[in-house]
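Coordinate analysis (summary)
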Amino acid sequence: MPDRLDETSAIARTTPSGGAGGAAHRPYDEALLALAHRRAADWLDGLAERPIPPRATVDEVGDALGRDLPEHGEPAAEVIERLAERIEPGLMAMGSPRFFGWVIGGTQPVALAADWLVSTWDQNNGLRNVTPGTAAVEEIAAAWVLELLGLPTESEVGFATGATTAQFACLAAARDEVLRRAGWDVARDGLAGGPRVRLVVGAERHGTIDLAGRYLGLGTPIEAAADEQGRIRPEVLREVLAAGEGPAIVCLQAGNIHSGAFDPFAEACRVAHEAGAWVHVDGAFGLWAAASPRLRPLTEGLADADSWSTDAHKTLNVPYDCGIAMVRDGAAMRHALTLHASYLQATTEGADPHEKVAELSRRARGVPTWAVLRHLGREGVADLIDRLAGSARIIAEGVARLPGVSVLNEVAFTQVCIALEDDAATQALSARLLLDGEVLAMTSRWHDRAVVRFSVSNWGTDAAQTRRTVAAVERALAEVRAAG
Ligand SMILES: *Cc1c(COP(=O)(O)O)cnc(C)c1O
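Residues numbered from 1 in each chain as written. Predicted model: local features only at pLDDT ≥ 70, side-chain atom pairs only at ≥ 80, totals over all residues. Heavy atoms only, no water.

Going through the model one piece at a time under the given rule, you end up with six aromatic pairs. Where Phe262 meets Phe413, the ring centres are 5.4 Å apart and the plane angle is 75°; that geometry is what we call edge-to-face. Separated by 151 residues along the polypeptide, Phe262 in the loop between strand E4 (248-253) and helix H11 (265-274) and Phe413 in the loop between strand E8 (406-407) and strand E9 (415-419) bring together distant segments of the chain. Assessed through its relative accessible area of 6%, Phe262 is described here as buried. On the accessibility criterion, Phe413 (0% relative accessible area) is buried. On the numbers, 6.2 Å between centres and 15° between planes, the contact of Phe285 with Phe413 is stacked. Highlighted residues: Phe285 in the loop between strand E5 (278-282) and strand E6 (307-311) and Phe413 in the loop between E8 and E9, separated in sequence by 128 residues. (Phe/Tyr/Trp six-rings, centres within 6.5 Å; stacked < 30°, edge-to-face > 60°. Helix = DSSP H or I, 4+ residues; strand = E, 2+ residues; numbered from the N terminus. Buried < 20%, exposed > 50% of the residue type's maximum accessible area, 1.4 Å probe, protein only.)

With six of six residues buried, E4 lies mostly within the body of the structure. Burial along E4 is two-sided: Ala248, Val250 and Leu252 facing one way and Ile249, Cys251 and Gln253 facing the other are all buried. Direction of pairing for strand E2 (residues 198-202) relative to E4: parallel, over a ladder of four bridges. When the sheet's bridge partners are listed, Leu199 is paired in E4 with Ile249. Here E4 runs beside E5; their pairing, made up of five bridges, is parallel. Of the residues in E5, the one forming a bridge with Cys251 is His280. For the segment spanning E4, H11 and E5, crossover handedness is right-handed. (Pairing = 2+ DSSP bridges. Right-handed = clockwise from strand over helix to strand, strands pointing away.)

Take a nonpolar patch on the surface next. The grouping of Leu339, Tyr343 and Leu360 at the surface amounts to a nonpolar patch, some 290 Å² of accessible area in total. By the element assignment, Leu339 lies in the loop between helix H12 (330-337) and helix H13 (367-400). (Patch = residues over 30% accessible without salt bridge, like charges linked within 9 Å, V, L, I, M, F, W, Y side chains within 5 Å. Areas by Shrake-Rupley, 256 points an atom, 1.4 Å probe, with all protein chains shown as cover. Salt bridge = Lys/Arg side-chain N within 4 Å of Asp/Glu carboxyl O.)

Soluble globular proteins: nonpolar side chains tend toward being buried together. Grouped together as the largest cluster of nonpolar side chains are 53 residues, with contacts concentrated most on Leu149, Leu252, Val281, Ile324 and Met326. Of all the secondary structure elements, the ones that give two or more residues to this core are helix H6 (132-149), strand E1 (156-160), helix H10 (234-242), E4, H11, E5, strand E7 (323-327) and H13. The residues touching Leu252, leaving out its near neighbours within four places in the chain, are Ile232, Asp263, Phe265, Ala268, Cys269, Val279, His280, Val281 and Asp282. Counting residues in each nonpolar core, the second largest holds 28 residues, with Val197, Ala325, Ala332 and Met333 among its members. (Core = buried A, V, L, I, M, F, W, Y, C linked by side-chain atoms within 4.5 Å. Contact = heavy atoms within 4.5 Å.)

A word on the state of the cysteines. Per the stated rule, a full pass over the model turns up zero disulfides. Unpaired in this structure, Cys251 has its nearest cysteine sulfur neighbour in Cys170, at a distance of 9.5 Å. Cysteine Cys322 is unpaired, with the sulfur of Cys170 as its nearest cysteine sulfur at 13 Å. (Disulfide = S-S within 2.5 Å.)

A few words now on the sheet that holds strand E11 (residues 449-455). Judged by pairing direction, the sheet is antiparallel, and its four strands sit side by side in the order E8-E9-E11-E10 without closing on themselves. What marks the edges here is a single partner per strand, and that holds for E8 and strand E10 (442-446). Examined bridge by bridge, E10 and E11 share five bridges and lie antiparallel to one another. For Arg445, the partnering residue across the bridge sits in E11 and is Ala450. Sitting on the sheet, H13 touches E8, E9 and E11, and the angle it makes with E9 is about 15°. (Axes fitted to C-alpha atoms, helices over the stretch in contact; angles between N-to-C directions.)

Glancing now at the layout of surface pockets. In this structure, the largest pocket occupies an estimated 1,600 Å³ of space. Those elements that provide at least two residues to the lining of the largest pocket are helix H2 (30-46), helix H4 (76-87) and helix H5 (109-121). Here the lining of the largest pocket takes nine residues from H2, the largest share from any one element. For the lining of the largest pocket, a count of residues per class yields 24 nonpolar, 10 polar and six charged. The volume enclosed by the second largest pocket comes to roughly 280 Å³. Every residue lining the second largest pocket is counted, 22 residues in all, and those nearest its centre are Val103, His206, Ala284, Asp311 and Lys314. Looking at the lining of the second largest pocket, its residues break down into nine nonpolar, nine polar and four charged. (1 Å grid on protein atoms, 1.4 Å probe; cavity = no way out; pocket = protein on both sides within 12 Å on 5 of 7 lines; lining within 4 Å. Points joined across faces, edges and corners; volume = space filled by probe spheres on them. Nonpolar A, V, L, I, M, F, W, Y, C, P; charged D, E, K, R; others polar.)

Bringing the site of the ligand into the picture now. Close contacts around the ligand come from 13 residues, with Thr164, Asp282, Asp311, His313 and Lys314 the closest. Thr164 places a polar side-chain atom, nitrogen or oxygen, 2.6 Å from an oxygen atom of the ligand. Within the side chain of Lys314, an N or O atom sits 2.9 Å from an oxygen atom of the ligand. In isolation the ligand offers 380 Å² of accessible surface; the protein chains occlude 85% of this area. (Near = heavy atom within 4 Å. Polar contact = N/O pair within 3.5 Å; in protein donor to acceptor, adjacent residues only side chain to side chain.)

This is how it looks when you write it as structure tokens:
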């Protein structure tokens, strides 16, 4: 341990608890926490049965909360009561087992409990020797995630706010490293005047890849065509890479948001590596297929890539927010992301948490991930993933039997895209579902067609919930037909 930390510890040992003669500092209020606990339980108790969409708009909630800054403040209990009471109509029941919007997970009880402790401990988790407790928990969680996903154990792992920022961290490492190999030091000289880095993506990559490209000064990605399920076509990737020259980063995808499809990793990685490119995999929700023996074949060749990003707040069902960035070449990651400052008590062994994400100060957001993995174990994680994919299949089979409904994707994982005979009818179905409130699915466009998309991402979506889901779609469909 560094000397400076020893000094801090010495201070801790010689300071009497309670301070020097003043009134005891009590950093919490039992009744207030009990109030918050009760309000939390009320919310969770109602989650599975309340209508899923919010009833109030932002303006209505703002009016109800009151907009004037109070001159003298108000008692803490009143603040919490006001918050819980007045926000309620504006809350979306995202944790409902029939919430299938975007790709949004619920919260497992063990993850919520762990998250409360994270807030209570209030550790600034940027430096491992300063907060050894939470650093140890995150390091164990990181090793478990690599093991479950079958990724190289030497990879560095950072806990970011989501897949967007995890992806940014990985692509920052990628950009700096491919430029370094081309003889250009971007940390010292910036991007201007250096070789152009080509960011090559499948036509159906997630939009956050483009965002990372913008953050990193790489410009708009170059597209390689995808097949009918949205998978990148390796022979097209080969052509695209051969058409240009210089450093390149190829982004592949585990889990297309419409079809759930997985890129052919083994072949695409081979093609990309032959061209000297770095390969990143965006697996915000799909990476977890690798943790299920049954679904793992979908991810064949995944470990051939150079970096991977995923979310714990989607498939793993920890509360917002937690994304995970993993980079095989840990030195490349640290070169890109480490902050050099004399006042930091940097670790001398291993990497500090802040060297693996874009944040310096941050909450110990890897702790709920540890709690879920410890609670479920390898088998429980596989069961969770299988249940999500199995429920998607049951919903797809159920709605496919309804007259006029087409399931547009091969349901290989957690995503189901359906459509009626034309866009107007599909949009009407979506509107009826929203009005009904029992199920929330998203309207989207896929292959130039309006679709209603179900992303099965909640740990509570079991057989009974899939039956209610199909029944709700049947009800909404009957209303669409009745309205002509
Ligand atoms: C959700 C998602 C992202 C972005 O993740 P955030 O957690 O919202 O930052 C990126 N890629 C894919 C495929 C996604 O589904």
